[in-house]
Amino acid sequence: MSTTEYCIQIALILLVLRQMRGGKLDLAGLVLPVVMVGATAVFYLRPFPTAGGDLTLEIALGGAGVLLGTLAGLATRVWRTKEGVFAKAGLWAAVLWVGGIGARIAFVLASEHTGFGDQVTRFSIDQHINGQQAWVCAFVLMALGEAVARLVTIRVRALTARTESRPLAARAA
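Every value quoted in this text rests on a predicted model; they were computed, and no experiment measured them.

A. Region of the structure containing the packing of aromatic side chains. Here the structure, examined in full by the defined rule, presents seven aromatic pairs. Measuring from centroid to centroid gives 4.7 Å for phenylalanine 43 and tyrosine 44, while their planes differ by 80°, and the two rings are edge-to-face. Its relative accessible area of 10% is what places tyrosine 44 among the buried residues. Joined through ring pairs, the aromatic side chains of Phe107, Phe116, Phe123, Trp135 and Phe139 make up one cluster.

The following block contains the structure:
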């Protein structure tokens, strides 16, 4: 993994750590993840291989990301007060989010620095995956699916959030 790729993964982790503090769902909280997701897509999804088993791999890992993101969004507490709608990621949301990122990093490190790379090569041949760019796209789609699904899940839940009167500081205790 390149320094840029590590920075992107760290930025994704920081997004969930920010949510663990809890806060109001505002425009800035929506724009930042959308900009990060868009920039990541533009940077990594060119070219986008679809031959052989490439598209199947990309759909499978993208779907895994959507599942992880949806579960993380469901594990995030969302509530409404007179001041607006608030959200606070819980432990399970963080575990799911960081687990997805950690799995991607572990896969890349293991395939680049251990004999696991030979197994990935054999799997790729058996499944007609046509090169490293298919894996890159699949993992980027997984990250994007995770980020977008989490964001959408939280925003949809915000529409039906119950009204509570306790301030954020009282909930943190």
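Picking up where we left off.
B. Structural view of unusual backbone geometry. Following arginine 46, the chain continues into proline 47 via a peptide bond in cis, with omega recorded as -5°. Residues other than glycine seldom take positive phi values, yet histidine 128 does so here, at roughly 60°. For histidine 128, the position within the fold is in the loop between helix H5 (116-126) and helix H6 (132-159).

C. Representation of the packing of helix H3 (residues 54-74) against H6 in the model. Here H3 crosses H6 at 30°, and the two axes come no closer than 6 Å. The angle between H3 and H6 places the two elements in the roughly parallel class. Crossing of H3 over H6 shows right-handed handedness. Class assignment for the residues of the contact of H3 with H6 results in 15 nonpolar, seven polar and five charged.

D. Local environment of the pairing of strand E3 (residues 84-89). With five of six residues buried, E3 is to be regarded as a mostly interior element. Sheet topology note: the strand E1 (residues 23-24)/E3 ladder contains two bridges and is antiparallel. Looking across to E3, one finds that lysine 24 is bridged to phenylalanine 86. Where strand E2 (residues 76-81) meets E3, six bridges bridge the pair, whose relative direction is antiparallel. The partner of arginine 77 across the bridge, within E3, is lysine 88. What sits between the antiparallel neighbours E2 and E3 is a turn of two residues.

Basis of the calculations
Residues numbered from 1 in each chain as written. Predicted model: local features only at pLDDT ≥ 70, side-chain atom pairs only at ≥ 80, totals over all residues. Heavy atoms only, no water. Phe/Tyr/Trp six-rings, centres within 6.5 Å; stacked < 30°, edge-to-face > 60°. Buried < 20%, exposed > 50% of the residue type's maximum accessible area, 1.4 Å probe, protein only. Helix = DSSP H or I, 4+ residues; strand = E, 2+ residues; numbered from the N terminus. Axes fitted to C-alpha atoms, helices over the stretch in contact; angles between N-to-C directions. Parallel < 35°, antiparallel > 145°, perpendicular 65-115°, else oblique. Left-handed = near helix turned anticlockwise from the far one by under 90°. Nonpolar A, V, L, I, M, F, W, Y, C, P; charged D, E, K, R; others polar. Pairing = 2+ DSSP bridges.

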